[in-house]
Every structure is written in structure tokens, then in C-alpha cells.
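Spelled out from the first residue to the last, the chains are:
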Amino acid sequence: MQPMHNIPARGGLNFDETPFLAIWEVTQSCDLACKHCRAAAQPIAHPDELTNSEGKALIDQIADMHVPIFVFTGGDPMKRKDVFELIRYAADKGVQVALTPSATPLLTREAIFKLKEAGLVRLGISLDGSTPEIHDTFRGLPGAWARTIKAIEWANEAGIPIQVHSTISRHNANDLDNLCAFFEKMAIVMWNVFFLVPVGRGQIADLLSGEEFEQVFGKIYELSHRVNFQIKTTEAMHYRRYLLQHNLEERRLGHGHPHSAGAAPAYEPGTPTSDAKVRTMGWATRRVNDGKGFLFVSHTGNVYPSGFLPIHAGNVKQTPLSEIYREAPIFKSLRDTSKLEGKCGACEYKEICGGSRARAYALTGDPLAQEPCCIYQPKNWVPRAENEPAAICQPEQSATLVRL
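The rules behind the values
Residues numbered from 1 in each chain as written. Predicted model: local features only at pLDDT ≥ 70, side-chain atom pairs only at ≥ 80, totals over all residues. Heavy atoms only, no water. Helix = DSSP H or I, 4+ residues; strand = E, 2+ residues; numbered from the N terminus. Buried < 20%, exposed > 50% of the residue type's maximum accessible area, 1.4 Å probe, protein only. Areas by Shrake-Rupley, 256 points an atom, 1.4 Å probe, with all protein chains shown as cover. Axes fitted to C-alpha atoms, helices over the stretch in contact; angles between N-to-C directions. Parallel < 35°, antiparallel > 145°, perpendicular 65-115°, else oblique. Left-handed = near helix turned anticlockwise from the far one by under 90°. Contact = heavy atoms within 4.5 Å. Nonpolar A, V, L, I, M, F, W, Y, C, P; charged D, E, K, R; others polar. 1 Å grid on protein atoms, 1.4 Å probe; cavity = no way out; pocket = protein on both sides within 12 Å on 5 of 7 lines; lining within 4 Å. Points joined across faces, edges and corners; volume = space filled by probe spheres on them. Expected span 1.5 Å × (residues − 1). Phe/Tyr/Trp six-rings, centres within 6.5 Å; stacked < 30°, edge-to-face > 60°. Pairing = 2+ DSSP bridges. Salt bridge = Lys/Arg side-chain N within 4 Å of Asp/Glu carboxyl O.

### Focus on the overall build of the chain
- Counting its secondary structure elements, the chain contains 13 helices and 9 strands.
- Looking at the chain residue by residue over its 404 residues, the buried ones come to 59%.
- For the chain, the exposed surface amounts to about 16300 Å²; the carbon and sulfur share of it is 51%.

As C-alpha cells, then:
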């Protein structure tokens, strides 16, 4: 099977009909207590989590919908005793499965080789700091950093492509250079940079301001031109706007980086999304958003537009997954960019960005509200009030900005 990052993003895939990425929270059970945990996971599995047969029925539906990427997450998927059987079942159905386990004693060398044998195509490992002190504090368990490094080494030995996840907050925003330098010494294929959404254990106090988002975007953009792995962002849809602005400016000046890991073809705001330039863009500029090319199935079978956007759209035990994705009102609303409010509704980048719907909901209670942590002012945007803030998550004083 081809690596997931080489799978065509659209190639005829209609996001109104089929998601590009589906995630199944196979269990909420986990032995870690991560500070940012979306699920606020607990050590004991929920009694109503999908059974083995219900899990296989879900896999059947994923196969029937031809979803390109299916991720098993948690909690810790390794806490589920039938995880190897479920991966093998999916592989036999032609479903490409990735796994995001926790770095606990359950993630042994033997388990990783068994995952490979079952048909796993990628392993997603979380590493939130370049040192044990940063990472273990974040993950709430001493020794998590060392176990993570061993897991990466074992996955390389087993021949499983590694994708590293880092959740960026005030806790580690100053560590990006060190993290990236560390990753360059390891054989990884992608760095997935998660931007905090204050749900579960995630706290608003840890959320970066709009200016700090831009600073981190600048750092990611700089790093993407020189690393040998791809960099993808999660819940930072406005990085696409940042990347396109800077890529266009570099090309205008005649010193773009057309072959760099994070670069993308130039894109003029307002260009129809069917344009070939947009269709061929890489990970950084995919149009995937919460509920738009993306769905999340909880451990009990509830379906959401995102694991960070807790608006219930149906349950796979009662309603087919395809029907929920295609017909549920919240999914249809999130895919209709004409319903976006505030700056997002007026923005010339809304077709490829659209802002984090999960963060908008977490901070305003409205999933269609403007992205709270975006400072960009659209060309046609006229604030309702003269003193209307550019972004909700603004620092009180510029001195509070992190230094990158």
C-alpha cells in the first residue's frame, strides 16, 4: 500500500459524499493523563464502547464509502484487546489503517511488529517536547518521553512509517526549533502540528493568541523549506492562508521553493477550488475541515464533525455512517461556506481555510463563528463595530507573546 501522504487529496473525491479522513476512537481507556487531552481519558474502558462486531460493521461502512484514510485513536487503542484483529480485518477489506497509541508499557517492540503483521500502514506517535522534562510534564507520566523514542526506533525497525504529533500551546511553543532538529535525526515521514482547542483537559489559559499563531506559522513555514519530512497542521486551518500568502509573495519575487516540503503552488484568493493549482496542493493546503472531508466516531459510536467539536450528529448503531455524514444538519452546515459568520464569512480564503470550527465552538458556542485566533483582516471585511477585536484570543499585553 502506498504511504498515506501520497494518497490523492481529492482526485474526484466529493467531500459532500465522502470524507478524506475518518477517525475512530476505539476506546477512551488510557493510562496517561495528558494536560491537553480532548477525551479526558480514564483508565477503565466505557461499558458501552463499540463491540468487536460493531467495530467490524463500522469498518465495513468505511470500506463501502471508500474513505482513503482511517485512523484508530483513543484513549489508547492498545488498551483494546482486539485491536490487532480489527486492523487485520480492515486491511483485508482494503482499508488503510493508521494507529495513534499512547507511549505506555503496552507499546512494546513485540506489539509494534504485531501491528505491522496485522496490516498497519502508519504509526502516529505523540512527542510534545525535545526533552523528557517538557514532554513528560505534558503527558502526566514520568518516562513517557523515553518510551516514545523507543517506540519510534522499533517502528523504524519494523518498517512502519512514523508520523509524529505535537500539540502546541504555551507549554512548548518555544521548543519548536529544538523539536524539529530532534526529528531530523529520526526517520519520520510527517510532523503533525496540533494547535490546542480548549476542550476536555485543554485549558483556555494554554491557548496561543492570534499573534502567537502567526509567529508559530512563520516558524513552521521556515522549517518546512529545509526539513526532509512533511509538516501538516491540525486545527490551524488559517495556516493555509498564511502559507499561500507567503508562497505567492516569494514567487512574485522570484525566489520561491517549489520543491520544498511545505511549499504549494501559488494561489490567488477567489480562484475556484476546482482550479488545477488548488487540486494539486499538498497537505498544508487541503480543504479538509471539521465536518468537511473529516468525521470522528466516538468509542460509543457517536459521530461528530471532529473529536474537538462535540456536536452529536447520530450514532452508527442506529444510523448508517454515510447517511450521518451526508445528511446530518451539522455536517451540511459546516460544508456550506456561505454560512460562515464574521470575518470567516467575508474572507477570500474561506474555501481553502474556513477557520477552526472546533475552536470557534469552544470559545463562542457557535460552530459557524469566525476563527477566534486569526488576526487576518479580509479585503472585504467591515467590522460591525469600530472596536470589534481582530481575534478573540488576544493577549492583554504584547509582552505576553511567546518568543520563537
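### Observations concerning the packing of helix H7 (residues 210–224) against helix H8 (residues 238–253)
- Remark: H7 packs on H8, axes separated minimally by 10 Å, with the N-to-C direction vectors making an angle of 55°. Classed by the angle they form, the pair H7 and H8 counts as oblique. When the axes of H7 and H8 are compared, the crossing they make is right-handed. Side by side, H7 and H8 meet where Phe213, Glu214, Phe217, Gly218, Ile220, Tyr221 and Ser224 of the first sit next to His238, Tyr239, Arg241, Tyr242, Leu243, His246, Asn247 and Glu250 of the second.
- Residue composition of the contact of H7 with H8, grouped by class: 7 nonpolar, 5 polar and 3 charged.

### Some points on empty space enclosed by the protein
- This model, assessed by the stated rule, comprises 4 cavities of 30 Å³ or more.
- Roughly 120 Å³ of volume is contained in the second largest cavity.
- Together, 14 residues line the second largest cavity, and Lys343, Cys344, Cys347, Cys353 and Cys374 are the ones closest to its centre.
- Mapped onto the lining of the second largest cavity, the elements with two or more residues apiece are H8 and helix H12 (342–346).
- Across the lining of the second largest cavity, the residue classes break down as 7 nonpolar, 3 polar and 4 charged.

### Side note on H8
- With 16 residues, H8 extends 23 Å from end C-alpha to end C-alpha; this agrees with the ideal 22 Å at 1.5 Å per step.
- Within H8 the residues assigned to the buried category are His238, Tyr239, Arg240, Arg241, Tyr242, Leu243, Leu244, Asn247 and Glu250.
- Each element contacted by the buried residues of H8 is listed here: H7, strand E7 (230–234) and helix H13 (357–364).
- Positive backbone phi, approximately 85°, marks glycine 254, located one or two places after H8.

### Here's the deal with H13
- Looking at H13, one finds that the buried residues are Arg357, Ala358, Arg359 and Ala360.
- Against the buried residues of H13 lie strand E6 (190–195), H7, H8, helix H11 (329–334) and H12.

### Digging into the side chain of serine 169
- As for its position among the elements, serine 169 is in the loop between strand E5 (162–168) and helix H6 (176–184).
- A residue is classified by how much of its surface remains accessible, and serine 169, at 1% relative accessible area, is buried.
- Contact partners of serine 169, with chain neighbours within four places excluded, come to Phe138, Leu196, Asp206 and Leu208.

### Side note on the packing of helix H1 (residues 52–65) against helix H2 (residues 83–92)
- Here H1 crosses H2 at 25°, and the two axes come no closer than 10 Å. Accordingly, the angle class assigned to the pair H1 and H2 is roughly parallel. Of the two elements, H1 crosses H2, and the hand of that crossing is right-handed. Contact residues: Asn52, Gly55, Lys56, Ile59 and Asp60 in H1; Glu85, Leu86, Tyr89 and Ala90 in H2.
- The residue inventory of the contact of H1 with H2, partitioned by class, reads 4 nonpolar, 2 polar and 3 charged.

### Side note on unusual backbone geometry
- Cis geometry marks the peptide bond from glycine 74 to glycine 75; its omega dihedral reads 20°.
- By secondary structure assignment, the location of glycine 75 is in the loop between strand E2 (69–73) and H2.
- The phi dihedral of histidine 66 falls on the positive side, at around 60°, and the residue is not glycine.
- Among the structural elements, histidine 66 can be located in the loop between H1 and E2.

### Examining the packing of aromatic side chains
- Applying the stated criterion to the full structure yields 15 aromatic pairs.
- On the basis of an interplanar angle of 80° and a centroid distance of 5.2 Å, the ring pair of tryptophan 24 and phenylalanine 72 is categorised as edge-to-face. You can see tryptophan 24 sitting in strand E1 (residues 21–25) and its partner phenylalanine 72 sitting in strand E2, a full 48 residues away along the chain. There is no split in this pair, since tryptophan 24 and phenylalanine 72 are both buried.

### So, the sheet that holds E7
- Strand order in this open sheet of 9 strands is E7-E6-E5-E4-E3-E2-E1-E8-E9, and the pairing throughout is mixed. Both outer strands of the open sheet, E7 and strand E9 (303–304), are each paired with one neighbouring strand and no more.
- Sitting on the sheet, H7 touches E6 and E7, and the angle it makes with E6 is about 175°.

### Notes on the pairing of E6
- Extensive coverage of E6 is indicated by the burial of 6 of its 6 residues.
- Judged by which residues are buried, E6 turns out to be covered on both faces: Met190, Asn192 and Phe194 on one side and Trp191, Val193 and Phe195 on the other are all buried.
- Relative to E6, E5 runs parallel, the two sharing 6 bridges. Paired with serine 166 across the strands is valine 193, a residue of E6.

### Comments concerning the pattern of salt bridges
- Evaluated as defined, the whole model comprises 16 salt bridges.
- The salt bridge partner of lysine 219 is aspartate 177, with a shortest N-O separation of 2.9 Å. With a gap of 42 residues between them, lysine 219 in helix H7 and aspartate 177 in helix H6 connect regions that are remote in the sequence.
- Judged by relative accessible area, lysine 219 falls into the buried class, the value being 10%.
- Among the salt bridges present, the one from arginine 226 reaches glutamate 184, with a minimum N-O distance of 3.6 Å. Placement of arginine 226 in the loop between H7 and E7 and of glutamate 184 in helix H6 is noted, with a sequence separation of 42 residues between them.
- The class of arginine 226 is partly exposed, set by a relative accessible area of 46%.
- Residues joined in a network through salt bridges with shared partners are Asp177, Glu184, Lys219, Glu222 and Arg226.

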